[in-house]
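# Results of the structural survey
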Amino acid sequence: MSTAITLDINGRTVAGEAEPRTHLADFLREELLLTGTHLGCEQGVCGACTVFVDGRPVRACLTLAHACDGQSVRTVEGFDDDALMARLRDAFKTHHGLQCGFCTPGMLATAYDIVRRLPQADTARIRRELSGNLCRCTGYHGIVAAIEAVLAEGPPPAALVPTAHRSRMPREAPADVPAPERTAAVADGPASVLKPFAAYPAADALTGEATLARSITIDAPCEAVWAMVENPKTIAAAIPGAHLDALGEDGTLRGHLEVALGPMRARFAGVGAMRLDPAGRQGELRGEGQDRLSRTGLAAALAFTLAPREDGGTQLSFTATYALNGPLAQFGRPALVAAAADRILEEAIASIARRARGEEAAPAPRRLGGFALLVGIVRDAFARALRGRRP
Amino acid sequence: MKPAPFAYRPATSLADAQRALAADADAKLSAGNQSLGPMLNLRLARPGALIDIAGLAELRAVTDSGGAVRIGAGFTHAEIEDGEAPDPTLGWLRAAAGAIAHRAVRNRGTLGGSLAHADPAADWVIVMAGLGANLVLAGTNGERVVPADAFVTGPFETVLRADEMIVAVEIAKPSPGARWGYWKYTRQVGEFAKASATVLDDPAAGRQRCALGALGGAPVVLADGAGLIEGRVDPDGAVRAALAGRVADPQLHVVALRRALAAAKQAEAAQ
């Protein structure tokens, strides 16, 4: 539901309406038609949307319009009478600091901030300060040269300066802005076709892959653990949040899993296949899945071995190779995946051990603190499928 | 690209924010929105409500108790970088703040928000652990103080309870002669670190700490900080022992620690 906000935009008081989720860049572009603010990545990386709020450059894509209520916004359209910005524009033109122009509004905002804040900046410092603004055309040289030229010739004083921090205490009690009715959870897409093992990419065929290898002790006899591995249903039951939806012949399977990691939630639905070597107590699992809401794809291949230990336990060793694509890949740094994997593994291994020893398994946690990616890994690791339940 | 719909609740006071947080299990606190924002925009996070605590006066309080300073969690990285927020360490916080992401992000992102978000590679997560700082958490049952090195429990996960928030960071003033080194490895300026390390050398206060960050989960304080700082312990062996089974190839962390040790050695002693 849209509610009213009032901002000072380029020196003009503007009253408008915005949904809570509308970020400042969309508000400027869609409501006020100030399309000089460009949107590139919308995740704070490219810097194209950089504008000034209360005199400080900020990412308009990571700043909610409602969070700017009562504040002062300056966009690239608002510098017509600004001598420093005029100098920068001329310098960008003279030094070929732009080509297609897409990054230019953000570049000018950052350049303005560099000139007024760091009058002594050398080339290296300028380049470092510009690192948050991406340009695909110029190779940056012209942009850096333009800023250096303005600094060298003694720029006019900046008319726009940061205002003192003001506490955003509303003048009157603010109204809560309620969220619109949310639509029901997005259903999984059409179920992927179960494919035979050989139809999935092997580890070395996964592009952009990362690897996770672990060797873990399970406090249960090897035969009992292997018996569980042979039955995907029991393994799936041991993994918190995992669920097997379908089990085909020849080790093909379908499943899904929902995981939570900090504020992130994902629900991967996928298919896979396994190939077991009972004599060697080893197996391979390959699969692929998708979190439909975030449009994140995952493909993984896993090889594991079980070996009896002298103490009567079992040593599980595995290597998982996975490739992520889509939004979640932004946050799926291998170190994070590994840490999240270890947490899920800890729970799953404990559960497997209890079940292999014939003890009653503890109920699975209601919410799994893990990573969506992980899901895939673990799914492919032990189970053959998954399914999860959100609280 | 737009986030999934959520309700927006600008908090008018700390108590107001705590009430709102306790009343809605699906609500999320937001200060600068610089880390949560990308997750919202990509719809990886879909909270039902955002409680905006940016600018709350209580989160900008500064208390000097003599030996330590409590800094409100609501200061932005840029304010710390510019010296507008106090830096009891005589410049170490300012230098660390200036290397966080990019200036436009630093202008909105906050000290407490970054800690609570708990990206294991975030600067404040390792810096506060390395300094031996304490985090002041406030919930409906009052305040508690948690050591920064025990705050993060996993990637994006912390000891914060559902109704709690970080209100301040408590940092001990270093002794005269104390030194500090912080080094992080990033492939590009401003991106999250792939490895990081800190060295605090304050023998007069009995605090000689070496810590490793960007490990995927909690930072690690190495066992024999004094030995490492005084050259009696080999950094390579210490890092490999501490990260065994956690990091496949700790070479970057070895380098980070060596460089942080060198930086501390070369640093001017605090006066």
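Residues numbered from 1 in each chain as written. Chains lettered and ligands numbered in written order. Predicted model: local features only at pLDDT ≥ 70, side-chain atom pairs only at ≥ 80, totals over all residues. Heavy atoms only, no water.

## A look at the domain arrangement of chain B
Counted only if it meets this: Start and end positions for the domains come from either an automated domain assignment or a database one.
By the assigned domains, chain B splits into domain 1 (7–52), domain 2 (57–172) and domain 3 (179–266). Relative placement of domain 1 of chain B and domain 3 of chain B: their C-alpha centres are 34 Å apart.

## Remarks on the pattern of salt bridges
All names here are of chain A. Applicable threshold: Salt-bridge detection follows one rule: a side-chain nitrogen of Lys or Arg within 4 Å of a carboxyl oxygen of Asp or Glu. Helix and strand assignments come from DSSP, with helices taken as H or I runs of at least 4 residues and strands as E runs of at least 2, each series counted from the N terminus. The rule is simple: take the accessible area with a 1.4 Å probe, protein chains only, and divide by the maximum for that residue type; under 20% is buried, over 50% is exposed, in between is partly exposed.
Taken as a whole and judged by the stated rule, the model has 30 salt bridges over all chains. Notably, a salt bridge pairs Arg87 with Glu153, separated by 3.1 Å at the nearest N-O pair. In this pair, Arg87 sits in helix α2 (residues 83–94) while Glu153 sits in the loop between α5 (141–152) and β6 (210–218), placing the two residues 66 residues apart along the sequence. Put simply, Asp219 and Arg357 hold a salt bridge, and the shortest N to O gap is 3.4 Å. Here Arg357 lies in the loop between α8 (334–356) and α9 (372–381) and Asp219 lies in the loop between β6 and α6 (222–230), a separation of 138 residues in the sequence. Judged by relative accessible area, which is 35%, Arg357 ranks as partly exposed. The structure contains a network of salt bridges with shared partners spanning Asp113, Arg116, Arg117, Arg125 and Glu129.

## Quick word on the sheet that holds strand β12 (residues 195–202) of chain B
Residue and element names in this part refer to chain B. Worth spelling out the cut-off: Between any two strands, pairing holds if DSSP finds at least two bridges.
With antiparallel pairing, four strands are arranged side by side in an open sheet as β11-β12-β13-β14. Here the strands that pair on one side only, and so sit at the sheet edges, are β11 (179–185) and β14 (220–221). Pairing geometry for β12 and strand β13 (residues 207–213), over seven bridges, is antiparallel. Residue Asp202 lies in a different strand from β13, and its bridge partner there is Arg207.

## Describing the packing of aromatic side chains
Residues and elements named next belong to chain A. Rules: Between 30 and 60 degrees the pair is tilted, below 30 it is stacked and above 60 it is edge-to-face, where a pair is any two Phe, Tyr or Trp rings, Trp via its six-membered ring, whose centres lie within 6.5 Å.
The final tally for this structure, using the stated rule, is five aromatic pairs over all chains. Here Trp226 and Phe304 contribute two aromatic rings whose centre-to-centre distance is 6.5 Å and whose plane-to-plane angle is 40°, an arrangement assigned as tilted. Remark: Phe304 occurs in strand β11 (residues 296–308) and Trp226 occurs in helix α6; sequence separation between them is 78 residues. Here Trp226 and Phe304 have matching classes, each one buried. Every member of this aromatic cluster is reached through a ring pair, and the members are Phe52, Phe79 and Tyr112.

## What about the environment of Leu137 of chain B?
Residue and element names in this part refer to chain B. Cut-off, in case you're wondering: Two residues qualify as a contact provided that any one of their heavy atoms is within 4.5 Å of a heavy atom in the partner residue.
Note on placement: Leu137 falls in strand β6 (residues 134–139). Remark: the alpha-carbon pair of Leu137 and Pro203, spanning 66 residues in sequence, is separated by 29 Å. Discounting chain neighbours no more than four positions away, the residues touching Leu137 are Gly142, Glu143, Arg144, Val146, Phe151, Val159, Leu160, Glu164, Met165 and Ile166.

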